[in-house]
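Structural overview
This is what each chain is made of:
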Amino acid sequence: MKNVFIGLLIIAAGAGVYFFILKKKKPGDETVSINKELIIGKWQLAAAEPLKDSALLKYSYDFQPGNIAMVMKADSAKTDTARYEWNKANELVMKENNSDTANHVFAVLKLTKDSLQLRGISDSMKVLLIKTR
């Protein structure tokens, strides 16, 4: 009886080690540590996937201190103002104004001094921005 009990313990321990060590991470489970101050500056939209409209690539963003973002289109003199903030999950939340309830939430996949890669939470669209200055 003791041999059966010891055998079951060894099997259970092996299964525990298997699931603990060899468990594969699901996409999106990885945590990204980001330096939020790196977002300050001018960014040009370089790529979007899937790209539904090529006019999208003509946009640039100027993230400023105080959570203000200036949105500019290359062929227009008009500049729009937006608000941005970071939520508790370190996601970038874009709003058209302070009272805007329709937020655009982006998971930050990568933020370095010269590139910003985002994935839209609602539509899974991936965008790449390159810092221009």
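Above: the structure in question.
Not measured: the values here are computed from a predicted model.

Details of the overall build of the protein chain
The helix and strand inventory of the protein chain stands at 1 helix and 8 strands. Relative to its 133 residues, the protein chain shows a buried fraction of 24%. Counting only contacts in the protein chain whose residues sit at least 6 apart along the sequence, the fraction spanning at least 24 positions is 33%.

Topic: the packing of aromatic side chains
Using the criterion set out here, one finds 2 aromatic pairs in the structure. Here the aromatic rings of Tyr 61 and Phe 63 are separated by 6.4 Å at their centres, their planes lie at 20°, and the arrangement is stacked. Its relative accessible area of 19% is what places Tyr 61 among the buried residues. On the basis of relative accessibility, which here comes to 3%, the residue Phe 63 falls in the buried class. Taking 5.1 Å as the distance between ring centres and 90° as the angle between the ring planes, the aromatic pair formed by Phe 63 and Tyr 84 counts as edge-to-face.

Section: the pattern of salt bridges
Throughout the structure, instances matching the rule amount to 2 salt bridges. Among the salt bridges present, the one from Asp 80 reaches Lys 78, with a minimum N-O distance of 3.8 Å. Overall, the relative accessible area of 38% leaves Asp 80 in the partly exposed class. Here Lys 95 and Glu 85 are joined by a salt bridge, their closest N and O atoms 3.7 Å apart. Here the residue Lys 95 occupies a position in strand 5 (residues 91–95), and Glu 85 occupies one in strand 4 (residues 79–86), the gap between them amounting to 10 residues. Judged by its relative accessible area of 16%, Lys 95 falls in the buried class.

What about the layout of surface pockets?
Of the volumes computed, that of the largest pocket is approximately 730 Å³. Together, 25 residues line the largest pocket, and Leu 56, Tyr 61, Met 94, His 104 and Phe 106 are the ones closest to its centre. Elements represented by at least two residues in the lining of the largest pocket include exactly strand 2 (59–64), strand 4, strand 5, strand 6 (104–111), strand 7 (115–120) and strand 8 (126–131). Taken together, the residues of the lining of the largest pocket sort by class into 16 nonpolar, 5 polar and 4 charged.

Details of the environment of Asp 80
Within the secondary structure layout, Asp 80 lies in strand 4. Look past the residues within four positions of Asp 80 in its chain and what remains in contact with it is Ala 69, Met 70 and Val 71.

Comments concerning the sheet that holds strand 8
Strands sit in the order 1-2-3-4-5-6-7-8 around a closed barrel of 8 strands; the barrel is antiparallel. Shown here is a sheet whose adjacent strand axes are inclined to one another by a mean of 35°, direction ignored. For strand 7 and strand 8, the ladder comprises 5 bridges, and the chain directions are antiparallel. From the neighbouring strand, Arg 119 faces strand 8, where its bridge partner is Lys 126.

Observations concerning the nonpolar core
In terms of nonpolar packing, the biggest core is built from 21 residues, with Ile 39, Phe 63 and Leu 92 touching the most fellow members. If sequence neighbours within four positions are ignored, Phe 63 has contacts with Ile 39, Ile 40, Gly 41, Trp 43, Ile 68, Ala 69, Tyr 84, Leu 92 and Met 94.

Reading the values: the criteria
- Residue numbers here run from 1 along each chain, matching the order of that chain's written sequence.
- Per-residue local features are limited, in this predicted model, to residues with pLDDT of at least 70; the limit for side-chain atom pairs, both in listing and counting, is 80 or more; totals at the level of whole chains, interfaces and linings are taken over all residues.
- Calculated side-chain values reflect all of the structure's heavy atoms, with hydrogen atoms and water omitted.
- Counting from the N terminus, the helices are DSSP H or I runs at least four residues long and the strands are E runs at least two residues long.
- Residue exposure (1.4 Å probe, protein chains only): buried if accessible area is under 20% of the type maximum, exposed if over 50%, otherwise partly exposed.
- Here, residues are in contact when the closest pair of their heavy atoms is within 4.5 Å.
- Pairs were defined over the aromatic rings of Phe, Tyr and Trp, the Trp ring being its six-membered one, requiring ring centres within 6.5 Å. Orientation was assigned from the angle between planes: stacked under 30 degrees, edge-to-face over 60, tilted for the rest.
- Put simply, a salt bridge is a Lys or Arg side-chain nitrogen that is within 4 Å of an Asp or Glu carboxyl oxygen.
- Points on a 1 Å grid over protein atoms alone make up a cavity when a 1.4 Å probe fits among them but cannot get out, and a pocket when they form an open set with protein on both sides within 12 Å along at least five of seven lines; lining residues each have an atom within 4 Å of a point.
- Grid points are joined across faces, edges and corners, and a volume is the space filled by probe spheres set on the points.
- Under the scheme applied, nonpolar residues are Ala, Val, Leu, Ile, Met, Phe, Trp, Tyr, Cys and Pro; charged residues are Asp, Glu, Lys and Arg; polar residues are all the others, including Gly.
- Any two strands are treated as partners once DSSP identifies two or more bridges connecting them.
- To get an axis, fit a line to the C-alpha atoms, keeping to the stretch in contact for a helix; angles then go from 0 to 180 degrees between the N-to-C directions.
- The definition of a nonpolar core used throughout is a set of buried Ala, Val, Leu, Ile, Met, Phe, Trp, Tyr and Cys residues joined through side-chain atoms within 4.5 Å.

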